[in-house]
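Okay, here's what each chain looks like letter by letter:
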Amino acid sequence: MTATPVTARPTALVTGATAGLGAGFARALAARGHDLVLVARDTERLESTAAQLRTRYGAGVEVLRADLSDREQLRAVADRVADPARPVDVLVNNAGFGLKQRFVDGVPADHERMFDVLCRAVMVLSRAATGAMVPRGRGHVLNVGSVAGLVPGGGHYSAAKAYVIVLTETLAGELRGTGVSATVVEPGYVRTEFHTRSGMRRGGRSGLTDRIWLDVDDVVDAALDDLFAGRPVSVPTRRWKAVSALLDVAPRGLVSRVWNAAPSGARRRHPERPAGHPEG
């Protein structure tokens, strides 16, 4: 881990911080006056991202290489989050990935790793952060969910994101009155480099197809605005708010039947994360 001198600026820790939404959160938080702790698996990309943020925003940046599916490495990140000598004011649980395989006949080890990164890491780091923040009477936890978490039949990814949504809403209730807030952002389809890598189209010539896609900066800005306003749920853009509201009230059996009637390739293309490519 490398570090720059400690300053009076608030500190944000972002997981999966070198690409996609994670990189967007790092940029936006630096622009809003935060120093950063960047967590990802690729040391070279971590150092490159940190150098860019220091140069562009004058932010103090630490890098912490960690694979969050590894319990010892996850514990090291949790220890950093909870360190009373170097308080973390904002935690962004963003790291995650999708799998291009079904749950019933997929590779068990792959699904276990997905659970560890998308669920267990969020649980462990949220607990470490709030355990340190509540005694100080301030702090924010932002967990990256997905509209996919509202879709029964959306595979293990949807199940994992449903866990993130419910955990965060539960946490927000428990934190009421403490000065600490928890927010889950539920984006739909977001344009990131991973869609290109996985061969997913970002929308074609159809205006309707193109309008379902969100830009990283729009998702990030909406999520941070809601986080600092203390809102427990953030769904960027009116069109995805409408989709979310519909999924929330529609009979789950109907949603599942409609989802499973879609072509198999479409079912695998979950909102927010493409299939088969880790974030950061």
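Below or above, wherever it landed, is the structure these notes cover. Note that the structure is predicted; figures quoted are calculated from it, not measured.

### Here we look at the pattern of salt bridges
Oppositely charged side chains may form a pair once their charged atoms are brought near each other.
(1) Moving on: Tallying each qualifying case throughout the model produces 12 salt bridges.
(2) Moving on: With a shortest N-O distance of 2.9 Å, Asp105 and Arg102 are connected by a salt bridge.
(3) Moving on: We classify Asp105 as exposed; its relative accessible area is 52%.
(4) Moving on: When the shortest N-O distance is used, the salt bridge between Arg231 and Asp226 registers 2.7 Å.
(5) Moving on: The class of Arg231 is partly exposed, set by a relative accessible area of 42%.

### A word on the environment of Arg138
(1) Moving on: Along the chain, Arg138 falls in the loop between helix 4 (108-136) and strand 5 (139-144).
(2) Moving on: In this structure Arg138 comes out as partly exposed when scored by relative accessible area, which is 42%.
(3) Moving on: Once the C-alpha coordinates of Arg138 and Gly179 are considered, the two residues, 41 residues apart in sequence, prove to be 4.7 Å apart.
(4) Moving on: Apart from residues lying up to four places away in sequence, Arg138 is in contact with Asp89, Met133, Thr178, Gly179 and Val180.

### Section: the packing of helix 1 (residues 20-31) against helix 8 (residues 216-228)
(1) Moving on: Interhelical geometry of helix 1 versus helix 8 gives an angle of 60 degrees and a closest axis separation of 9 Å. Of the possible angle classes, the one that applies to helix 1 and helix 8 is oblique. Two packed elements cross with a definite hand, and for helix 1 against helix 8 that hand is right-handed. In contact with Gly20, Leu21, Gly24, Phe25, Arg27, Ala28 and Leu29 of helix 1, helix 8 contributes Val216, Asp217, Val219, Val220, Asp221, Ala223, Leu224 and Phe228.
(2) Moving on: Residue composition of the contact of helix 1 with helix 8, by class: 10 nonpolar, two polar and three charged.

### Re helix 3 (residues 71-82)
(1) Moving on: Taking 1.5 Å as the rise per residue, helix 3 with 12 residues should run 16 Å; its terminal C-alpha atoms sit 16 Å apart, in good agreement.
(2) Moving on: Considered for burial, the residues of helix 3 that qualify are Leu74, Val77, Ala78, Arg80 and Val81. Down the axis of helix 3, the buried set is contained in an arc of 160 degrees. They therefore lie on one face.
(3) Moving on: Summarising the contacts, the buried residues of helix 3 are in contact with strand 1 (11-15), strand 2 (35-40), strand 3 (61-65), strand 4 (90-93) and helix 4.
(4) Moving on: The opening residue of helix 3 is Asp70, an N-cap whose side-chain oxygen sits 3.0 Å from the backbone nitrogen of Glu72.

Conventions adopted
- Residues numbered from 1 in each chain as written.
- Predicted model: local features only at pLDDT ≥ 70, side-chain atom pairs only at ≥ 80, totals over all residues.
- Heavy atoms only, no water.
- Salt bridge = Lys/Arg side-chain N within 4 Å of Asp/Glu carboxyl O.
- Buried < 20%, exposed > 50% of the residue type's maximum accessible area, 1.4 Å probe, protein only.
- Helix = DSSP H or I, 4+ residues; strand = E, 2+ residues; numbered from the N terminus.
- Contact = heavy atoms within 4.5 Å.
- Axes fitted to C-alpha atoms, helices over the stretch in contact; angles between N-to-C directions.
- Parallel < 35°, antiparallel > 145°, perpendicular 65-115°, else oblique.
- Left-handed = near helix turned anticlockwise from the far one by under 90°.
- Nonpolar A, V, L, I, M, F, W, Y, C, P; charged D, E, K, R; others polar.
- Expected span 1.5 Å × (residues − 1).
- Arc of directions from axis to C-beta.
- Polar contact = N/O pair within 3.5 Å; in protein donor to acceptor, adjacent residues only side chain to side chain.

All quantities given are derived from atomic positions and should not be read as evidence of function.
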